[in-house]
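Per-entry structural report
Each chain, letter by letter, is given below.
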Amino acid sequence: MSSLVGQQFEVVVGAVAHGGFCVARHEGRAIFVRHSLPGEKVVVEITEGDVDSRYLRADAVKVVQASPDRVDSRCSVAGPGGCGGCDWQHVSMDGQRRLKASVIEEQLKRLAGLDRRIEVLEVPGSPDGLHWRTRMKFTVDADARAGLRRSRSHEVIALDDCPISHPKVLEAGIFETTWPGAEAIVVAAPTGPTVETNETSVLVEYTNGQKFQALGPATLVNDAAGRLWRSRVDGFWQVHPAAAQTLVDAIAKAAQPRPSDVVWDLYAGVGLFAGALAGHVSDVVAVETDASACRDAERNLKDLKNVQVVAARVDRWLKANGGELNGPDVVVLDPPRKGAGASVVDLISASKPRVVVYVACDPAALARDVALFAAKGYSLQDLTAFDLFPMTHHIECVAVFRPV
Ligand SMILES: C[S@@+](CC[C@H](N)C(=O)[O-])C[C@H]1O[C@@H](n2cnc3c(N)ncnc32)[C@H](O)[C@@H]1O
């Protein structure tokens, strides 16, 4: 097959698509163009595809006619051929949020048949979209320097800065040294109003499978919703400093908890949503599969006698126990990127909650699950989107379902 990689030509860029690129057409074929914006005229260079490919991938390498949303990148390694970490460094903050809103609208239309106007809300703490990421996993190049991978490549770009990393992550100094034998450097800083002086943690993961805590504690203590939360440096905790509080507030607003309510917090992590709701309801069951997250959840929630932490896969737990337990009044779910899927949606719907609050980090998986919930009699009542991952194509949504 004859590769088209390296070929250049001019295109007019069309709509944004899910994944951090826009779609252009050339000689009947779709081209997924990174580093471009809708309406722009750009010269693209093909990065993937051959004469027989149904679609091509490309970078915009020259802007002939720029969008009003275009700005200078704030990162020296973002851009064509550069780091794969950020998608929208070349876009104004308002422009990024409009792109993300279009992506959610398009996914809801295509996968759930819904016409919705979506607004992506700014969160406090990073008005310029920089210095917000409190958890980073850097990889290591052949010279043992920490960096990030080139877009759609295994090649590592060694870094001396990463402008979306939180200052406490950068202060750990991981770019100022080398990491012989290491595969990844995990850096995490605690979040929340009372923990500003806490130490940052650095965990080194070696190619031989060993791990070494190079700096700070293995377990961080974060502050949100008026409580402290232990989370491991290599475990899950919300990344943006404003995320935990923003999501807790959005869930409480959506769930409207009542003192007699039974709540299920599915995919519970270290218990953030379970703990935040516990004081307002009768009982909470928090279901989480990761053993160390469950241990942290047990510790985080041990003073809350009405919370039970269950170490199990959500689908298995629902299948095994859902029918026998008292039906929940409120179900909160925060699944990983692939979403909940048909079996979990069916079992949640069958348990007949008053309200389902779905925290989603992938709009395509969410839109698919919106359609699944609708088929089971739960319609999408509200969807709030938060810009918790500036400069990247990622978005966090809080969707609210009630029985039709
Ligand atoms: C996006 S995180 C949410 C954590 C928590 N809600 C928070 O905000 O801190 C998803 C969590 O789901 C857990 N998880 C992934 N698949 C699971 C499954 N099938 N059953 C239960 N938990 C799962 C992961 O270990 C992770 O802690």
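Keep in mind the model is a prediction, meaning the values are calculated, not measured.

1. Overview of the overall build of the protein chain
Counting its secondary structure elements, the protein chain contains eight helices and 21 strands. Against the compact-globule benchmark of 22 Å for 404 residues, the protein chain has a radius of gyration of 22 Å, which places it among compact chains. Oriented by its inertia axes, the alpha-carbon framework of the protein chain measures out at about 65 × 50 × 40 Å. Across the 404 residues of the protein chain, 49% fall into the buried class. Pairs at least 24 residues apart make up 60% of the contacts formed inside the protein chain by residues separated by at least 6 positions.

2. A short note on the site of the ligand
Taken together, the neighbourhood of the ligand is formed by 18 residues, with Tyr267, Gly269, Thr289, Asp290 and Asp334 sitting nearest. Those elements that provide at least two residues to the shell around the ligand are helix H4 (272–278) and strand E16 (283–288). Residue composition of the shell around the ligand, grouped by class: 11 nonpolar, three polar and four charged.

3. A short note on the packing of helix H7 (residues 342–350) against helix H8 (residues 363–375)
Direction vectors running N to C along H7 and H8 enclose 40°, while the axes themselves pass 9 Å from each other. In terms of orientation, H7 lies oblique with respect to H8. Of the two possible hands of crossing, H7 and H8 adopt the one that is right-handed. Each of Ala342, Val345 and Ser349 in H7 lies in contact with H8, whose residues at this interface are Asp369, Leu372 and Phe373. Here the contact of H7 with H8 is composed, by residue class, of four nonpolar, one polar and one charged.

4. Details of the nonpolar core
Within the largest apolar cluster, 129 residues are counted, with the highest numbers of intra-cluster contacts made by Val33, Ile185, Ile251, Val332, Val357 and Ala399. In terms of residues, this core owes the most to one element, helix H3 (residues 243–255), which gives eight residues. Setting aside its immediate chain neighbours within four residues, Val357 contacts Ile251, Ala254, Ala255, Val332, Val398 and Val400.

5. Quick look at unusual backbone geometry
With a phi close to 60°, His131 is a non-glycine residue in the positive phi region. As for its position among the elements, His131 is in the loop between strand E6 (120–121) and strand E7 (135–140). The exposure class of His131 is partly exposed, given the 19 C-beta atoms found within 10 Å. Although it is not a glycine, Ala225 adopts a positive phi angle of roughly 55°.

6. Things to note about the sheet that holds strand E11 (residues 201–206)
Strand order in the open sheet made by the six strands is E9-E8-E7-E10-E11-E12, with antiparallel pairing throughout. The two strands at the open ends of the sheet, each matched to only one other strand, are strand E9 (156–158) and strand E12 (211–215). Between one strand axis and the next, the sheet turns through 40° on average, direction left out of account. For strand E8 (residues 146–149) and E9, the ladder comprises three bridges, and the chain directions are antiparallel. Within the sheet, the bridge partner assigned to Gly147 lies in E9 and is Ala158.

7. Some remarks on the domain arrangement of the protein chain
Interfaces are often sized by the amount of accessible area the parts lose when they come together. We note that the domain assignment places domain 1 (1–70), domain 2 (97–126 + 241–403) and domain 3 (135–232) within the protein chain. One C-alpha centre belongs to domain 2, the other to domain 3, and the line joining them spans 27 Å. Each partner contributes to the interface: domain 2 provides 13 residues, whereas domain 3 provides 11 residues. In terms of residues, the side of domain 2 that touches domain 3 owes the most to one element, helix H5 (residues 291–300), which gives four residues. Across the side of domain 2 that touches domain 3, the residue classes break down as seven nonpolar, four polar and two charged.

8. A look at the sheet that holds strand E19 (residues 355–360)
Across the sheet, eight strands lie side by side as E6-E20-E21-E19-E18-E15-E16-E17; this open sheet has mixed pairing. The sheet terminates laterally at E6 and strand E17 (307–311), the two strands that pair on one side only. Direction of pairing for E19 relative to strand E21 (residues 396–403): antiparallel, over a ladder of five bridges. Considered in E21, the bridge of Ala360 is made with Cys397. Contacts from H5 reach E16 and E17 within the one sheet, and its direction differs from that of E17 by about 165°.

9. Examining the environment of Thr219
Of note, Thr219 is situated in strand E13 (residues 219–224). By the C-beta count within 10 Å, which is 18 here, Thr219 ends up partly exposed. If sequence neighbours within four positions are ignored, Thr219 has contacts with Arg230, Ser231 and Arg232.

10. Comments concerning helix H1 (residues 93–112)
Given a rise of 1.5 Å per residue, 20 residues ought to cover 28 Å, and the 28 Å separating the end C-alpha atoms of H1 matches this to within 8%. Of the surrounding elements, those touching the buried residues of H1 are strand E1 (8–17), E6, H8, strand E20 (378–386) and E21. Directly after H1, the chain includes Gly113, whose backbone phi takes a positive value near 65°.

11. Thoughts on the pairing of strand E2 (residues 21–26)
Pairing geometry for E1 and E2, over three bridges, is antiparallel. Looking across to E2, one finds that Val13 is bridged to Ala24. Counting the residues in the hairpin turn of E1 and E2 gives three residues, including Gly19, whose phi is positive at 125°. Hairpin connection, E2 to strand E3 (residues 29–34): the antiparallel pair is bridged by two residues, and Glu27 has positive phi, about 50°.

What counts, and where the lines are drawn
- Residue positions within a chain follow its written sequence, with the count starting from 1.
- Selection of residues for local features in this predicted model requires a pLDDT of at least 70, selection of side-chain atom pairs for listing and counting requires 80 or more, and totals for whole chains, interfaces and linings are taken over all residues.
- We count a stretch as a helix when DSSP gives it H or I for four or more residues in a row; a strand needs E for two or more, and each element gets its number in order from the N terminus.
- For a compact globule the rule gives 2.2 Å times the number of residues to the power 0.38, and the radius of gyration it is set against comes from C-alpha atoms.
- Once C-beta atoms are placed from the backbone, each residue is buried if 20 or more other C-beta atoms lie within 10 Å of its own, exposed if 12 or fewer, and partly exposed for counts between those two.
- Note on contacts: each residue gets a C-beta atom placed from the backbone, and two residues are in contact if those atoms are within 7 Å.
- The criterion for a residue being near a molecule or strand is simple: its C-beta atom, placed using the backbone, must lie within 6 Å of it.
- Basically, the charged four are Asp, Glu, Lys and Arg, the nonpolar ten are Ala, Val, Leu, Ile, Met, Phe, Trp, Tyr, Cys and Pro, and anything else, Gly included, counts as polar.
- Helix axes use the C-alpha atoms of the stretch in contact, all axes being lines fitted to C-alpha atoms, and the angles between their N-to-C directions lie in the range 0 to 180 degrees.
- Roughly parallel means an angle under 35 degrees; roughly antiparallel, over 145; roughly perpendicular, 65 to 115; everything else is oblique.
- By definition, any crossing whose near helix is turned counterclockwise from its far helix by less than a right angle is left-handed, and any crossing with a clockwise turn is right-handed.
- Core membership is restricted to buried Ala, Val, Leu, Ile, Met, Phe, Trp, Tyr and Cys residues, and these are joined into a nonpolar core through C-beta atoms within 7 Å.
- Strand pairing is assigned whenever DSSP identifies at least 2 bridges connecting the two strands.
- Where a domain begins and ends is set by an automatic assignment or by a domain database.
- The span one expects for a helix is its residue count, reduced by one, times 1.5 Å.

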